[in-house]
Amino acid sequence: MQLQLATFHRNSPSVTNQSDVHDKILRVAWWAVGVIVLGVTVAIRIRLLGIPLERDEGEYAYAGQLMLQGIPPYKLAYNMKFPGTYAVYAAIMSIFGQTITGIHLGLLLVNAATIALIFLLGRRLMNSTAGIAAATTFAVLSMSPSVLGLAAHATNFAMVFVLGGTLLILKLSQSERHSFERIFASGLLFSIGGLMKQPALLFIRFGAIYLLWDDVHRRFILKRILLRNLIFWIAAIVPLAITCVILWYAGVFYKFWFWTVRYAAQYGTFLIGEIYSGKWPLYRAMQVSGRSITEAIGMDWGLWALAGLGLIVGLWKRRSRSSTTFLLGFLVFSALAVCQGFYFRPHYFIMILPAVSLLVGVAISKLFDLLTSRMIVVRFAPLFLLGVTLSLPNFWEKKFFFVVSPVEASRMIYSDNPFAESVKIADYLREHTSRDDTIAVLGSEPEIYFMRSGIRRPDIFILTA
């Protein structure tokens, strides 16, 4: 009789209604935290839109400026990077103007699109809770000074296309409708991501491996597997092929090939060759890589720890093992993209942040599921934990995010680099030179060329860093 009464009590309408109310409160709380975190990060980015361009940004901005003037990449400005980011800069400046603020406004929108894609990936792999946790985590991690998050680096543009391709290829397992179109679109997006920065080409292999594994797992016939994978690889080749044709037509293909393939290959394998030959001891290389990773994590160590927990718990639990295995593969290829060449520049780590953020989503989601049957106060624990780990980096870096001016913020990040001074130099040149004057910058500050718009361009301008 007691058991029957207890069962009746749990299933009574009043208890069910109370549970529904609690679930609604929790949903509203999760969305409220998401809106607050995203609002704060957007406000910080808007406050610091005027942060002076750094060296890589100057290169992209100058190349994009030349493109807007009808001058193709690699004709006057050379570099070992593919031209995708130059084209994105040109598009951003054609919309928001050829200014520092315009460039960083474009970055803000690209970052917002990346956050949205991460939410969609987290929701598809796990649930909305994981999506919100992953999206807010990326919003915080991606603006960290430790990864130069406020600078419009190529890695930001590469990952938005890579994530778009990843989302499309995940949808293939959900529905067979328009599968060939999605495969083709996914291959295109992965390839365009590689056009932004060469290390992102690795994600094409990730997409191909997942597509093959999924097709085999679903027991498609061999003919269908080969056709689907052929479509993916054709799509992945198309953007690269079109780029080569355009540059050949513009008369700069051989320069493009030298700088982005031959020279880039030498640059990318130089340190590996030094390790192999013994000129650079392996233990020393490991020390450098370990220090670089530590610096990239910086004040965000709490979120990275949650990501590690998410990986362990996700693989441990059977229900989330498949999704976490997918994320583990994504994490491995992200790490390989960061490690290419053993240079470990801070902004390279932006390529691993989506995988880390999604694993944070796994950790928070599994903790939330674990507390589902608990009282409402206890069920708020995952939300509280996420809020604390997201808030701590902003608290520790509060002077940078909320107090100093954009110029002071630049000096805090880049120390002795003359990026803030380059603005003054460009202003001086604008006031003391005419449009017919030729200038040359002895050094590696291409942002001066961009900010001093209207000057006569040098015959040769080479960037090799």
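As shown above, the structure is provided for reference.
Nothing here was measured: the structure is a model prediction, and the numbers come from that model.

Asker: Please explain the pattern of salt bridges as it appears in this structure.
Answerer: Opposite charge on two side chains permits them to pair, given that their charged atoms come into close proximity. For the structure shown, the criterion picks out seven salt bridges. Linking Glu 59 and Lys 81 is a salt bridge whose minimum nitrogen-to-oxygen distance equals 3.1 Å. With Glu 59 in helix 3 (residues 55-68) and Lys 81 in the loop between strand 1 (77-78) and helix 4 (84-96), this pair connects stretches of sequence that are 22 residues apart. Put simply, Asp 214 and Arg 218 hold a salt bridge, and the shortest N to O gap is 3.2 Å. Connected through salt bridges with shared partners, the residues Asp 56, Glu 59 and Lys 81 form a single ionic network.

Asker: Even after reading the chapter, I still don't get the packing of aromatic side chains, so can you show me in this structure?
Answerer: Each aromatic ring pair is described using two quantities: the centre-to-centre distance and the angle formed by the ring planes. In this structure the tally under the stated criterion is 29 aromatic pairs. Ring geometry for Tyr 267 and Tyr 343: centres 4.6 Å apart, planes at 5°, overall stacked. Separated by 76 residues along the polypeptide, Tyr 267 in helix 11 (residues 253-277) and Tyr 343 in the loop between helix 14 (318-339) and helix 15 (353-370) bring together distant segments of the chain. Exposure remark for Tyr 267: the relative accessible area of 19% places this residue in the buried category. With a relative accessible area of 15%, Tyr 343 lands in the buried category. When the ring of Phe 344 is compared with that of Phe 349, the centres are 6.4 Å apart and the planes differ by 25°; the resulting orientation is stacked. Taken as a pair, Phe 344 and Phe 349 share a single burial class, namely buried. Aromatic rings pair up to connect Tyr 60, Tyr 74, Phe 82, Tyr 86, Tyr 89, Phe 157, Phe 253, Tyr 254, Phe 256 and Trp 257 into one cluster. A cation over an aromatic ring shows up here: Arg 224 above the ring of Phe 220, its NZ or CZ 5.1 Å from the ring centre. Looking at Lys 398, its charged tip hangs above the ring of Phe 395, at a distance of 4.5 Å from the centre.

Asker: I keep staring at helix 9 (residues 202-217) and nothing clicks. Help me out?
Answerer: In an α-helix there are 3.6 residues to a turn, and that puts residues three or four apart on one side. Over its 16 residues, helix 9 extends 23 Å from the first C-alpha to the last, a length consistent with the 22 Å expected when each residue adds 1.5 Å. The set of residues buried in helix 9 consists of Leu 202, Phe 203, Ile 204, Phe 206, Gly 207, Ala 208, Tyr 210, Leu 211, Asp 214 and Asp 215. Buried residues in helix 9 make contact with helix 7 (154-171), helix 8 (179-196), helix 10 (222-249) and helix 14. Once helix 9 finishes, Arg 219 follows within two positions and takes phi at roughly 60°, a positive value.

Asker: Is there a simple way to explain the packing of helix 5 (residues 100-125) against helix 6 (residues 128-141) in this structure?
Answerer: At a closest axis distance of 7 Å, the pairing of helix 5 and helix 6 adopts a crossing angle of 150°. The angle between helix 5 and helix 6 places the two elements in the roughly antiparallel class. Judged by the twist between their axes, the crossing of helix 5 over helix 6 is right-handed. Each of Asn 111, Thr 114, Ile 115, Ile 118, Phe 119, Gly 122 and Arg 123 in helix 5 lies in contact with helix 6, whose residues at this interface are Ser 128, Ala 130, Gly 131, Ile 132, Ala 134, Ala 135, Phe 138 and Ala 139. Along the lines of polarity and charge, the residues of the contact of helix 5 with helix 6 split into nine nonpolar, five polar and one charged.

The rules behind the values
Within each chain, residue numbers correspond to sequence positions counted from 1 in written order. The model is predicted, so local features are restricted to residues of pLDDT at least 70 and side-chain atom pairs to those at 80 or more, both for listing and for counting; the totals for chains, interfaces and linings are taken over all residues. No hydrogens and no water enter the side-chain calculation; it runs on all heavy atoms of the structure. Any carboxyl oxygen of Asp or Glu within 4 Å of a side-chain nitrogen of Lys or Arg constitutes a salt bridge here. Where helices and strands are cited, they refer to DSSP runs of H or I of at least four residues and of E of at least two residues respectively, numbered from the N terminus. Here a pair means two rings of Phe, Tyr or Trp (six-membered ring of Trp) with centres within 6.5 Å. Their orientation is stacked below 30 degrees between planes, edge-to-face above 60, and tilted elsewhere. Each residue is assigned to one of three classes by its accessible area relative to the maximum for its type, calculated with a 1.4 Å probe on protein chains only: buried under 20%, partly exposed between the two thresholds, exposed over 50%. Only when the NZ atom of a Lys or the CZ atom of an Arg is both within 6 Å of the ring centre and within 35 degrees of the ring normal do we say a charge sits over the ring. The length a helix should cover is 1.5 Å for every residue beyond the first. Contacts: residue pairs with any heavy atoms within 4.5 Å of one another. All axes here are fitted lines through C-alpha atoms, helices being fitted over the stretch that makes contact, and every angle between N-to-C directions spans 0 to 180 degrees. Angles are sorted into four bins: roughly parallel if under 35 degrees, roughly antiparallel if over 145, roughly perpendicular if 65 to 115, and oblique for all others. Helix crossings fall into two classes, left-handed where the near helix is turned counterclockwise from the far one by less than a right angle and right-handed where it is turned clockwise. Note on residue classes: Ala, Val, Leu, Ile, Met, Phe, Trp, Tyr, Cys and Pro are nonpolar, Asp, Glu, Lys and Arg are charged, and everything else, Gly too, is polar.

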